[in-house]
Amino acid sequence: MLKQHRRVLKWLVALACIAGAVVALFDINTPLRPFLISLFLLVVPGAAVVGLLRDRDPLAALSVGAAASLVLNVLLAQAMLMFGAWSPRAGVATVAVLGGFMYVLRVLYRGKSMQTRQGAR
């Protein structure tokens, strides 16, 4: 039962993050705009980093994910300001691309470790 609730919560957060990206990229005005975009910017990089940290203490992985999310957003904003290229849409797109890249790394990394485990048997 708890596992099912966890799965539903993951899907709800994922859908909210996707909605946040869509709202930011297409400049949709909605009362939920600040919440959805903030959720996207904080969850996507953190979730991608936590996915790369397998077999770790859950609290440590969550802390590292939150810190990585904040660091990525601050560095991205700082770079855009430094180069005079401030664009909220570009920032959201960059976070999405980096999160997708880290997800691909996670899939490749876990796929490789699964093959190694099967080969050891």
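Just so you know, these numbers come straight off a predicted model, no measurement behind them.

## Observations regarding the packing of helix α1 (residues 2-25) against helix α2 (residues 33-52)
Packing of α1 against α2 leaves a shortest axis separation of 8 Å and a crossing angle of 115°. If you check the angle between α1 and α2, you find them roughly perpendicular. In the crossing of α1 with α2, the sense of the turn from one axis to the other is left-handed. Facing V13, A16, C17, A19, G20, A21, V23 and A24 of α1, the residues of α2 in contact are R33, L36, I37, L39, F40, V43 and V44. Classifying every residue of the contact of α1 with α2 by side-chain character gives 13 nonpolar, 1 polar and 1 charged.

## What about a positive patch on the surface?
Taken together, the side chains of K3, R6, R7 and K10 present a region of like positive charge at the surface. Tracing the chain through its elements places K10 in helix α1. For K10, a relative accessible area of 58% corresponds to the exposed category.

## Looking at the layout of surface pockets
One number sums up the size of the largest pocket: a volume of about 1200 Å³. Lining the largest pocket are 34 residues, with K10, V13, V43, A47 and A48 sitting closest to its centre. When contributions to the lining of the largest pocket are tallied by element, the ones reaching two or more residues are α1, α2, α3 (58-82) and α4 (88-120). Residues that form the lining of the largest pocket fall into these classes: 21 nonpolar, 6 polar and 7 charged. If you add up the space inside the second largest pocket, you get close to 170 Å³. If you trace the second largest pocket, you find it lined by L41, N73, L76, A77, M80, W86, S87, P88, G91, V92 and V95. For the lining of the second largest pocket, the class distribution of residues is 8 nonpolar, 3 polar and no charged.

## Let's talk about the UniProt feature "transmembrane region" (unreviewed entry) in the chain
The positions that UniProt labels "transmembrane region" (unreviewed entry) are, in the present scheme, residues 34-53, 60-84 and 90-109. Across residues 60-84, the secondary structure splits into 92% helix and 0% strand, with the terminal C-alpha atoms separated by 36 Å. Structurally, residues 90-109 comprises 100% helix and 0% strand, and the distance from its first C-alpha atom to its last is 28 Å.

## Describing the pattern of salt bridges
When charged atoms on two side chains of opposite charge get close, those side chains can pair. Following the criterion strictly, the structure yields 1 salt bridge and no others. One salt bridge connects R33 with D27, and the closest N-O pair in it is separated by 3.3 Å.

## Some details on unusual backbone geometry
The residue D27 is not glycine, and still its phi comes out positive at about 50°. Within the secondary structure, D27 sits in the loop between α1 and α2.

Procedures and definitions
Residues numbered from 1 in each chain as written. Predicted model: local features only at pLDDT ≥ 70, side-chain atom pairs only at ≥ 80, totals over all residues. Heavy atoms only, no water. Axes fitted to C-alpha atoms, helices over the stretch in contact; angles between N-to-C directions. Helix = DSSP H or I, 4+ residues; strand = E, 2+ residues; numbered from the N terminus. Parallel < 35°, antiparallel > 145°, perpendicular 65-115°, else oblique. Left-handed = near helix turned anticlockwise from the far one by under 90°. Contact = heavy atoms within 4.5 Å. Nonpolar A, V, L, I, M, F, W, Y, C, P; charged D, E, K, R; others polar. Patch = residues over 30% accessible without salt bridge, like charges linked within 9 Å, V, L, I, M, F, W, Y side chains within 5 Å. Areas by Shrake-Rupley, 256 points an atom, 1.4 Å probe, with all protein chains shown as cover. Salt bridge = Lys/Arg side-chain N within 4 Å of Asp/Glu carboxyl O. Lys, Arg positive; Asp, Glu negative; His and termini not counted. Charge placed at Lys NZ, Arg CZ, Asp CG, Glu CD. Buried < 20%, exposed > 50% of the residue type's maximum accessible area, 1.4 Å probe, protein only. 1 Å grid on protein atoms, 1.4 Å probe; cavity = no way out; pocket = protein on both sides within 12 Å on 5 of 7 lines; lining within 4 Å. Points joined across faces, edges and corners; volume = space filled by probe spheres on them. UniProt positions renumbered as here; feature names shortened; annotations may be inferred.

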